[in-house]
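# Understanding the architecture of this molecule
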Amino acid sequence: MKASDIKRGNAVEHAGKTWQVREVEKSSPTARGGNTTYRFALYAIPGGQRLDLTLRADDELREVELSRRQAHFSYKDADGYVFMDAEDFTQYILDGELLGDNAGYIIDGLDGCYVQLIDEQPVGLQLPPSVSLRVVETAPELKGASATKRPKPARLETGLEIQVPDYIGVDDQVLVSTLTGEFAGRA
C-alpha cells in the first residue's frame, strides 16, 4: 500500500515488525518538483514502542490484517488481564508487558475496549478515550486558593498518578484521558 493511502488506525509491517499508525501528517512542498512527504507516528504491536517514520507519497508499506473485537475487562489473574468478547464471549488474555502503560487505566467492568487481533492472537488493546477512576490519595484543598489554578498530585485506585485541580479530594471520581494521561473532568 502506498504511503499516500495509509490512514490512521491501519496496521503495517516495517523493518520486520508490525506497527499501528496513530498519527499521519502530510507535508506538501511549496517549490515546484518537490515531493509530498508523509510523517507517521507508528506504535509497535505488541509493545507500544513508538517510531516516527517519514515516507514519500509513492513509497510502499505492506498492510497487515488487524481485526478488532469489542470486549470488556473481566478480571486479572497470574497469567494477565482477561477481557471477554462482547459478542461471542471468547476470553482474551493480555499480559502486563503487552498492555504497557494502558494497565493503569483498567478497572473492574471496564467497557468500550477493543482487543486487537492478528491471526486470532491478541496483540494489543485499544482503550476508550477516557475512563472514570477514584482518587485514593491527594492533598486537602487549600482554603482561599480558589483564585489560583494550581494543580496538585493525586494517586488513583489503579496506582496511576496524575495532576488534578485543587478542588478534587479523596474518594472523588475523575475522568482521565487515556490518550494524554491527564485529568479530563469530574465523573
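Residues numbered from 1 in each chain as written. Predicted model: local features only at pLDDT ≥ 70, side-chain atom pairs only at ≥ 80, totals over all residues. Heavy atoms only, no water.

Summing up its helical and strand segments, the protein has one helix and 15 strands in all. Seen through its principal axes, the protein has C-alpha atoms that stretch 65 × 50 × 25 Å. Relative to its 187 residues, the protein shows a buried fraction of 37%. Nonlocal contacts in the protein, meaning residues at least 24 apart in sequence, comprise 42% of its contacts between residues at least 6 apart. With the model as given, the accessible surface of the protein reaches about 11200 Å², and the carbon-plus-sulfur share is 45%. Distance between charge centres in the protein, computed from 21 positive and 30 negative side chains, equals 9 Å. (Helix = DSSP H or I, 4+ residues; strand = E, 2+ residues; numbered from the N terminus. Buried < 20%, exposed > 50% of the residue type's maximum accessible area, 1.4 Å probe, protein only. Contact = heavy atoms within 4.5 Å. Areas by Shrake-Rupley, 256 points an atom, 1.4 Å probe, with all protein chains shown as cover. Lys, Arg positive; Asp, Glu negative; His and termini not counted. Charge placed at Lys NZ, Arg CZ, Asp CG, Glu CD.)

The strand order across the open sheet formed by five strands is 4-3-2-1-5, and the pairing between neighbours is antiparallel. Two strands close off the open sheet at either side, each with one partner strand: strand 4 (50-56) and strand 5 (62-63). Pairing between strand 2 (residues 17-27) and strand 3 (residues 37-45): nine bridges, direction antiparallel. Each bridged residue has a counterpart across the sheet, and for Val21 the counterpart in strand 3 is Leu42. (Pairing = 2+ DSSP bridges.)

A separate point is the pattern of salt bridges. Summed over all chains, the structure comprises 10 salt bridges. Its salt-bridge partner being Asp88, residue Arg69 comes within 3.7 Å of it at the nearest N-O pair. Placement of Arg69 in strand 6 (residues 67-77) and of Asp88 in the loop between strand 7 (80-85) and strand 8 (91-94) is noted, with a sequence separation of 19 residues between them. Where Arg134 meets Asp171, a salt bridge forms, and the shortest distance between an N and an O atom there is 3.1 Å. Within this pair, whereas Arg134 is found in strand 11 (residues 130-138), its partner Asp171 is found in the loop between strand 13 (161-164) and strand 14 (173-177), the two being separated by 37 residues in sequence. On the accessibility criterion, Arg134 (30% relative accessible area) is partly exposed. Several salt bridges converge on common partners, so that one network encompasses Arg69, Asp85, Glu87 and Asp88. (Salt bridge = Lys/Arg side-chain N within 4 Å of Asp/Glu carboxyl O.)

Attention shifts here to the side chain of Ser177. Along the chain, Ser177 turns up in strand 14. A residue is classified by how much of its surface remains accessible, and Ser177, at 14% relative accessible area, is buried. If we ignore the near neighbours within four places in the chain, the residues touching Ser177 are Tyr105, Pro129, Ser130, Glu182 and Ala184.

On to the packing of aromatic side chains, then. Considering all chains together, one arrives at three aromatic pairs under this definition. Ring geometry for Tyr38 against Phe40: centres 6.3 Å apart, planes inclined by 15 degrees, an arrangement best described as stacked. Through a chain of ring-to-ring contacts, three or more aromatic side chains come together here, namely Phe73, Tyr81 and Phe83. Positioned above the aromatic ring of Tyr114, the side-chain terminus of Arg68 is 4.1 Å from the ring centre. (Phe/Tyr/Trp six-rings, centres within 6.5 Å; stacked < 30°, edge-to-face > 60°. Lys NZ or Arg CZ within 6 Å of the ring centre and 35° of its normal.)

Attention now goes to the layout of surface pockets. In this structure, the largest pocket spans a volume of roughly 970 Å³. As for the largest pocket, its lining consists of 36 residues, and the residues nearest its centre are Gln20, Arg22, Asn102, Leu125 and Leu179. Elements represented by at least two residues in the lining of the largest pocket include exactly strand 2, strand 3, helix 1 (96-99) and strand 10 (121-126). Considered class by class, the residues forming the lining of the largest pocket number 17 nonpolar, 11 polar and eight charged. (1 Å grid on protein atoms, 1.4 Å probe; cavity = no way out; pocket = protein on both sides within 12 Å on 5 of 7 lines; lining within 4 Å. Points joined across faces, edges and corners; volume = space filled by probe spheres on them. Nonpolar A, V, L, I, M, F, W, Y, C, P; charged D, E, K, R; others polar.)

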